[in-house]
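For reference, the chains in residue letters:
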Amino acid sequence: MKYILSIDQGTTSSRAIVFDKNANIKGLAQKEFTQIYPQPSWVEHDPNEIWGSQLGVITEALANSGILPNEIDAIGITNQRETTVVWEKSTGKPIYNAIVWQDRRTAKICDQLKKEGKDKIILEKTGLVLDSYFSGTKILWILDNVEGARQKAENGELCFGTIDTWLLWNLTQKKVHATDYSNASRTLLLNIRTLEWDDELLSILNIPKAILPELKESSTIYGETDKSLFGAEIPIAGIAGDQFAATFGQACLKKGMAKNTYGTGCFLTVNIGKEPIINHEKLLTSIAWGRKKSVTYVLEGSVFIGGAVIQWLRDGLEFFRKSSDAESLASSAPDNGGVYFVPAFVGLGAPHWDSYARGTILGITRGSTKAHITRAALESIAFQSFDILNTMKKSVPNFEIQELRVDGGASQNNLLMQFQADLLECKVVRPKITETTALGAAYLAGLASGYWQSAEEIISLWQADKIFEPSMPKNQRENLLENWNKAVERSKSWIQDSHNL
C-alpha cells in the first residue's frame with residue numbers, strides 16, 4: 001500500500017496530511033507559526049520558521065499515521081500565494097523576512113505605476129489588477145530596501161520564490177529552484193498567454209530575470225526529497241497555489257464550476273476553461289493548473305479578511321476562546337441587530353481594490369452586544385463573497401451558477417453557510433472531505449506519479465456532505481444588501497496619506 005503526502009503551507013499554520021487512494025486521511029499534523037507586524041499594514045513571516053514548522057509537521061503526520069517515508073508514493077505542495085521570499089543562492093539564507101500577501105507596504109509603488117499607465121499593460125499580460133497584494137512589487141521593495149540586494153540580484157547571487165519554491169528548494173536541499181504556472185501567475189511577472197516570464201513586465205518592475213525560478217506544470221515530477229531529511233528520496237510531483245489546489249480538490253474540473261474557500265481570506269474561483277478572459281471589472285484571471293501540456297484558467301475574486309475577522313474577535317477582543325464558539329454566540333442573537341462590520345483591516349480586495357479602506361463597524365446602539373457584533377462579523381464574510389459573485393454575473397457573458405462548492409475552516413459554520421446560500425440564491429454544497437486544498441495538491445502529485453489514473457477518477461471521489469438551500473425572503477435579503485453596500489462605502493479611502501499604510 002502506498003500513500004500521498006500533501007504539504008499545505010498556509011498563512012497562519014503549516015500542515016501535512018497523508019491520503020490513501022480513496023482520499024481518506026490517514027495522518028495529519030498542524031502547527032501555527034509567528035505572525036510579524038513591524039508596522040501598521042505590514043505583515044511578515046520568518047521563512048526559516050515556515051520551513052522548520054513544515055518539516056516538523058511532516059515528521060509528525062507520518063508518525064501519527066504509522067506510515068514510513070518509503071511508503072509515500074509522491075508529495076504534493078500547496079501554499080499561501082503571493083507571499084515573497086528572497087534568499088542567497090549559495091547559503092540558502094533569506095535576506096529579509098517573507099513579505100506576506102496581506103502586506104500593503106507597496107501601495108504607493110502601485111499608485112505611481114498606475115499614474116504612468118502601467119496597470120493596463122499588466123492587466124492585459126497577467127490578468128491581474130495592479131495591487132500590492134501580488135509578489136512583483138514585494139520583490140522590488142526587498143531589492144531596493146535591503147542593503148546590497150540589488151547588486152547581488154543583478155550578479156545572479158539571489159533566488160526569488162513564493163512559498164512553494166522556498167519549500168521545494170529546501171526539500172531538495174538546493175537542487176531545484178522552480179515554481180508552477182499557478183503560483184507564477186500571481187507574481188505580476190508571468191505572461192499568462194505565452195506561459196513565460198515577460199521581459200516587459202520585468203522591466204516595468206525593475207526585477208532581474210536571473211532571480212526567477214524555472215517554470216513547470218502543476219502536475220509533474222519536480223525532483224526528489226534529499227535523503228538526509230526522511231531517509232528516503234520521495235518524488236515531489238505536484239504544486240499549486242492554495243486556491244487553485246482547492247479548486248482541483250473540489251473537482252471543479254469542468255468549465256463553469258465554482259468553489260469558495262473560507263480561510264484567512266475568502267477566495268472564489270470559477271473554472272473558465274482553456275482560454276483566458278481578461279476582466280475589466282476588477283476580477284482576476286489566473287492559471288489554476290497546468291497538466292498534460294495545457295493550462296486551465298480561472299476567474300477569481302479575493303477577499304483579504306475572511307476567517308481572520310473571527311480570529312481578531314477571538315484574540316484581539318477576546319470575545320471567545322475558540323473560533324468555533326463564534327457560531328453559538330452569533331446564533332444567540334436572532335439577527336445582526338442593525339450592526340454591519342466591514343473587516344477592511346488591510347484594505348478591500350475584489351471588486352473594490354481599495355488599499356486605503358479600513359475596518360468599520362456601523363449601526364451600533366446601546367442595545368448592541370457581543371452576539372450582534374460576532375454575527376455581523378460572520379455575515380461580512382458572506383457579504384464580501386456575494387459582492388464577488390455578483391460582479392462575475394455582471395461581467396461574464398452567460399454566467400450562471402447552479403451551486404457553490406465550499407471548503408476551508410469557516411465552511412464548517414452552518415450559520416455562515418446558510419446565510420451565504422440566502423444571499424447568493426443558489427445551493428451551497430459542503431463536501432465530505434473539506435481538506436480540499438491539501439487534497440488538490442495530493443491529486444496533482446498522484447496524477448503525475450501514476451497513483452491516480454485520470455481526472456475522471458478524481459471526479460468520482462468527490463462527495464457532498466451537506467447542502468444549504470436558500471430560504472430568506474426577498475425583501476429581507478435586499479434590505480441587508482442595501483445596508484451592507486452603505487457600510488462598504490463608508491469604509492473606503494479612510495487612510496488618505498499612503499505613509500500611514
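Residues numbered from 1 in each chain as written. Predicted model: local features only at pLDDT ≥ 70, side-chain atom pairs only at ≥ 80, totals over all residues. Heavy atoms only, no water.

Colleague: Mind laying out the layout of surface pockets, listing which residues take part and the relevant values?
Modeller: Of the pockets and cavities examined, the largest pocket occupies roughly 1200 Å³. Along its surface, the largest pocket is lined by 44 residues, and Tyr262, Gly263, Gly408, Gly409 and Ala410 are the ones closest to its centre. Among the elements of the structure, strand 2 (13-19), strand 3 (25-32), helix 10 (242-249), strand 15 (258-262), helix 11 (308-315), helix 12 (325-331) and helix 15 (436-449) are those that each provide at least two residues to the lining of the largest pocket. Per-element accounting of the lining of the largest pocket gives the leading share, four residues, to helix 11. Of the residues in the lining of the largest pocket, the class split is eleven nonpolar, 22 polar and eleven charged. (1 Å grid on protein atoms, 1.4 Å probe; cavity = no way out; pocket = protein on both sides within 12 Å on 5 of 7 lines; lining within 4 Å. Points joined across faces, edges and corners; volume = space filled by probe spheres on them. Helix = DSSP H or I, 4+ residues; strand = E, 2+ residues; numbered from the N terminus. Nonpolar A, V, L, I, M, F, W, Y, C, P; charged D, E, K, R; others polar.)

Colleague: If you had to explain empty space enclosed by the protein to someone new, which residues and values would you point to?
Modeller: Under the counting rule described, the total for this entry stands at two cavities of 30 Å³ or more. Around the largest cavity sit Val303, Leu348, Gly349, Ala350, Pro351, His352, Gln384, Asp387 and Trp484, which together line it. Classifying every residue of the lining of the largest cavity gives five nonpolar, three polar and one charged. Of the voids in this model, the second largest cavity is the one considered here, and its volume is about 40 Å³.

Colleague: Please provide a residue-by-residue account of the nonpolar core, values included.
Modeller: Counting residues in each nonpolar core, the largest one holds 107 residues, and the members touching the most others are Ile211, Tyr262, Ile310 and Met392. Membership of the second largest hydrophobic core comes to 35 residues, among which are Ala16, Leu167, Val176 and Tyr222. (Core = buried A, V, L, I, M, F, W, Y, C linked by side-chain atoms within 4.5 Å. Buried < 20%, exposed > 50% of the residue type's maximum accessible area, 1.4 Å probe, protein only.)

Colleague: For the environment of tryptophan 452, give the residues involved together with the corresponding values.
Modeller: By the secondary structure assignment, tryptophan 452 is in the loop between helix 15 and helix 16 (455-461). Filtering out sequence-adjacent residues up to four positions away, tryptophan 452 remains in contact with Ile4, Asp20, Lys21, Ala442, Tyr443, Gly446, Leu447, Glu457, Ile458 and Leu461. Of the polar contacts made by the side chain of tryptophan 452, one reaches the backbone oxygen of lysine 21; its length is 2.9 Å. (Contact = heavy atoms within 4.5 Å. Polar contact = N/O pair within 3.5 Å; in protein donor to acceptor, adjacent residues only side chain to side chain.)

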